[in-house]
Amino acid sequence: MRLKPILILLFLGQSLMAQRPFILSDFTYLESIKDIEMHYLYDPDCSIQPAYLFSGMMDQSFRKVDYADPDQALVSPDQEGCIWYRFYFQNRSSRQFSFHLQPSLFSEFKEFRLFQEFDNELITVRKSGNSISPRNKDVNINGSDDLRVYLPPGTGDTLYLRVSLSEESILSDLTFTVSTHSSVNRKDRSKRLIYGIFVGIMLIMILYHIPMFVQGRENSYLFYILYILAFLVFFINKEGYIYELTPRFTSAPTTIFLMEIFLLFFLLFGRSYLNTRHTLQSWDTILLLAVWFTVGGLILSFTILLLQGMGVQVPVFIQLGGLAITIVSYIGSLFLAIVPAMILTRESYQPARYFLFANLFLILGVVVNYALEDYSLGKHSLELGVTLQILTFSIGLSERINLLKKSKDVAQRRIIDQLRENAGLKDKVNRELEDKVRERTREIQTQKEHIEKQNKEIKYSFDYAKKIQNTVLPRNEVFDNLFAEHFIFFKPRDIVSGDFYWISQSGSRIILTAADCTGHGVPGSLMSMLGITMLHEIVNEKNVMNSEEILNQLRLSIARTLKQEGKIGEQKDGIDMALMIYDTATRTLEFSGANNPLYIIRNGEMLEYKGNNMPVAYYEKMSDFTRYTIEMKQGDRVYMFTDGFPDQFGGPQGKKFKYRPFKDLLLEVSERPMEEQHRILSLIFDEWKGDLSQIDDVLVIGLRL
């Protein structure tokens, strides 16, 4: 029984003989693990358990990694499978260290799991990768996928790393380095110190310019602040610090999206700072097109970002299109911003020099960053270039504001000189005008006295016309004798009215009309007198007692009197009216209307009888008027009116009162006594009209039968 463990150990030792150990020391820092120092095992369904590996039962299944001639499993593995890597570490450090196993920076792999077995057969696991939350990662430093390795000095151990693949995984790009934990921390502290200084400078510039923007409301300051903020967000994403708080989106174009925002505010700032709208109008149009082109790229990048965040597979050509737009925007933005600055510099526009030098600092930082990216200077040249650019922009903004102040001072001095000159001319003109004014005052006083005399005569004529019209209109006693209860709300717009009401009685039949003549004031009153005279002739002299026939004959009389024949240019005067004939013996009511309706309220419901859609006058489409015969019931309320009340403007928004609210108002007050209804209608009309002018004559007649 003792031979079995010995055989297993011999077998394990034999299998490991073919794999070269990786030596750990006190000075291990970013040392690459070579292909001869690791073996791999393809696990297509991720079903192999770590215990099997540590038992040595699968050692023969591992194969050498050969980057020069990789196996097919490493070139095109199943995107949902796993790859196991085996490492054999020998720790030759002088004291206790922990080491970092470091996959490629921002490698696109779903998950890394590093397994290590201790003497008590306990297998520990350390996790990292894109699908692992930052707080659950073994090491959470600016988005890296580092895994900690613990070995006592002078010992060796075999560790297994399981790599879970995703659609974005490219195994040929996966390499590993090893560093001591202390060296990683030193590098991170140094990096954070430099980036902290950089971010601090940017925040100071933002806080410094916010009050200046609030005070001056200058758009250049606003776009400058947004430009710095956009670069800060882009920078934090670029350096991976954001991934210490949130998992990394592996395929979403976050960097491209943030770059588009950065370029957009750069263009807006350049356009505002150089004031191309006034200094270079042709270039301003080109810059506006570049702005909209960048906005299009921003929308496309955001759409791709959103779709990929929802798990939708975006075609590769669309992603490449977004990248192409970003590249074109980046190159075009620098070109379009620098060339106008060069033109304005040659034209001695001082702020343009600062803009030109600031962008040259940025370009220099980008070039050095890519040319010397393997050296400390190159790694931080972009931040240095942007810092110099921002500082130069700040100086340029101050220079631009000073230039604007000087321009304003010059303009103000010119205005003051012009005002002084104008004041001298004004005194001279005033003296001449005073002489003319005294002369004109005498003439105006004479004209004023003449106009006042004419106004008194016109007022007297209007008052006399009103007396005549009031004499013609039926007296209130007539309604008191014929109806048990009634009200007449009559409110002319002017002294005399184009609205009128007329009543007559023949036996048990009462004829009543509410009419609205064309116009108001004097023209309307003349039409109303004409209408009253013709109604008297038709009803009282010709004894016509049918409502529709009364309107038909009245139309003929008006057309004949006003010589209306339908010719172009002739008078279009006429009357809108509602006419009813109430037989007190049979309690029946006849109604005919010309554009105006009749309302009857019975048991809380309103019955509406519409008149014909034509006036009492010559009309393009004339026909006989319609007659309605209605059986009345005890307590019915009848309402006749003109359009003055519904058409009156007023209320909070100065709109018409309209017919629907007018109907609701009549329904609401219909149960009250007629005298109280009159008072409510008058109050509501005045409240609705408010300070606005009355636009038309108002007539509402209410009867209780």
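This text goes with the structure placed above it.
One structure accompanies this document, and this report is about it. (Residues numbered from 1 in each chain as written. Predicted model: local features only at pLDDT ≥ 70, side-chain atom pairs only at ≥ 80, totals over all residues. Heavy atoms only, no water.)

### Details of the sheet that holds strand S16 (residues 588-594)
Within a sheet, each strand pairs with its neighbour through backbone hydrogen bonds, oriented either parallel or antiparallel. Strand order in the open sheet formed by 5 strands is S13-S14-S15-S16-S19, and the pairing between neighbours is antiparallel. Taken across any chain shown, the strands that pair with only one partner, and hence form the sheet edges, are strand S13 (499-506) and strand S19 (628-631). Averaged over all neighbouring strand pairs, the angle between strand axes comes to 15°, with direction disregarded. Bridge analysis of strand S15 (residues 575-583) against S16 gives 6 bridges, and the strand direction is antiparallel. Looking at the pairing, Leu579 lines up with Ser592 of S16. Across the sheet, helix H13 (residues 521-541) touches S13, strand S14 (509-517) and S15, and the angle it forms with S13 is around 15°. The strands that helix H14 (residues 547-561) touches are S14, S15 and S16; relative to S15, the one it contacts most, it runs at about 145°. (Pairing = 2+ DSSP bridges. Helix = DSSP H or I, 4+ residues; strand = E, 2+ residues; numbered from the N terminus. Axes fitted to C-alpha atoms, helices over the stretch in contact; angles between N-to-C directions. Contact = heavy atoms within 4.5 Å.)

### Concerning the nonpolar core
Ranked by internal contacts, the top residues of the largest apolar core, which has 58 residues, are Tyr224, Tyr227, Phe269, Phe355, Ile390 and Phe393. Counting only elements with at least two residues in this core, the list comes to helix H4 (181-216), helix H5 (219-238), helix H6 (254-274), helix H8 (281-309), helix H9 (316-346), helix H10 (350-371) and helix H11 (376-472). With 13 residues, H6 is the largest single contributor of residues to this core. Those residues in contact with Phe393, other than ones at most four positions away along the chain, are Tyr224, Tyr227, Phe266, Phe269, Phe355, Ala358 and Asn359. Listed in part, the 51 residues of the second largest apolar core include Phe500, Tyr501, Ile532 and Ile538. (Core = buried A, V, L, I, M, F, W, Y, C linked by side-chain atoms within 4.5 Å. Buried < 20%, exposed > 50% of the residue type's maximum accessible area, 1.4 Å probe, protein only.)

### Focus on the side chain of Asn91
For Asn91, the location among the structural elements is in strand S5 (residues 82-91). For Asn91, a relative accessible area of 1% corresponds to the buried category. Within the local environment of Asn91, its side chain forms a polar contact with the side chain of Ser93, the two groups lying 2.7 Å apart. Polar contacts involving the side chain of Asn91 include one to the main-chain carbonyl oxygen of Leu151, which spans 2.7 Å. If we skip the residues at most four places from it in the chain, Asn91 touches Leu24, Phe99, Leu151, Pro152, Pro153, Gly154 and Thr155. (Polar contact = N/O pair within 3.5 Å; in protein donor to acceptor, adjacent residues only side chain to side chain.)

### Some details on the side chain of Thr276
Relative to the helices and strands, Thr276 resides in helix H7 (residues 276-279). Once residues lying within four places of it in the same chain are set aside, the contact partners of Thr276 are Arg271, Gln281, Asp284 and Leu287.

### Comments concerning the packing of H5 against H6
At a closest axis distance of 8 Å, the pairing of H5 and H6 adopts a crossing angle of 160°. With respect to each other, H5 and H6 are oriented roughly antiparallel. The interaxial crossing formed by H5 with H6 has left-handed handedness. Between H5 and H6, the contacting residues are Asn219, Ser220, Phe223, Tyr224, Leu226, Tyr227, Ala230, Phe231, Val233, Phe234 and Asn237 on the first element and Thr254, Thr255, Leu258, Met259, Ile261, Phe262, Phe265, Phe266, Leu268, Phe269, Ser272 and Tyr273 on the second. In terms of residue class, the contact of H5 with H6 is made up of 17 nonpolar, 6 polar and no charged. (Parallel < 35°, antiparallel > 145°, perpendicular 65-115°, else oblique. Left-handed = near helix turned anticlockwise from the far one by under 90°. Nonpolar A, V, L, I, M, F, W, Y, C, P; charged D, E, K, R; others polar.)

### Some points on the pattern of salt bridges
By the definition in use, this model includes 19 salt bridges. The closest approach of N and O atoms between Glu111 and Arg162, which form a salt bridge, is 3.6 Å. Of the two residues, Glu111 is situated in strand S7 (residues 111-117) and Arg162 in strand S10 (residues 156-164); the sequence distance between them amounts to 51 residues. By relative accessible area, which is 11% here, Glu111 ends up buried. (Salt bridge = Lys/Arg side-chain N within 4 Å of Asp/Glu carboxyl O.)

### Quick look at the environment of Asp78
Take Asp78: it is sitting in the loop between helix H3 (72-75) and S5. Accessibility expressed as a relative area gives 40% for Asp78, which makes it partly exposed. The spacing of Asp78 and Tyr42 is 36 residues in sequence and 9.5 Å in space, taken between C-alpha atoms. Apart from residues no more than four positions distant in its own chain, Asp78 is found in contact with Tyr42, Pro44 and Leu165.

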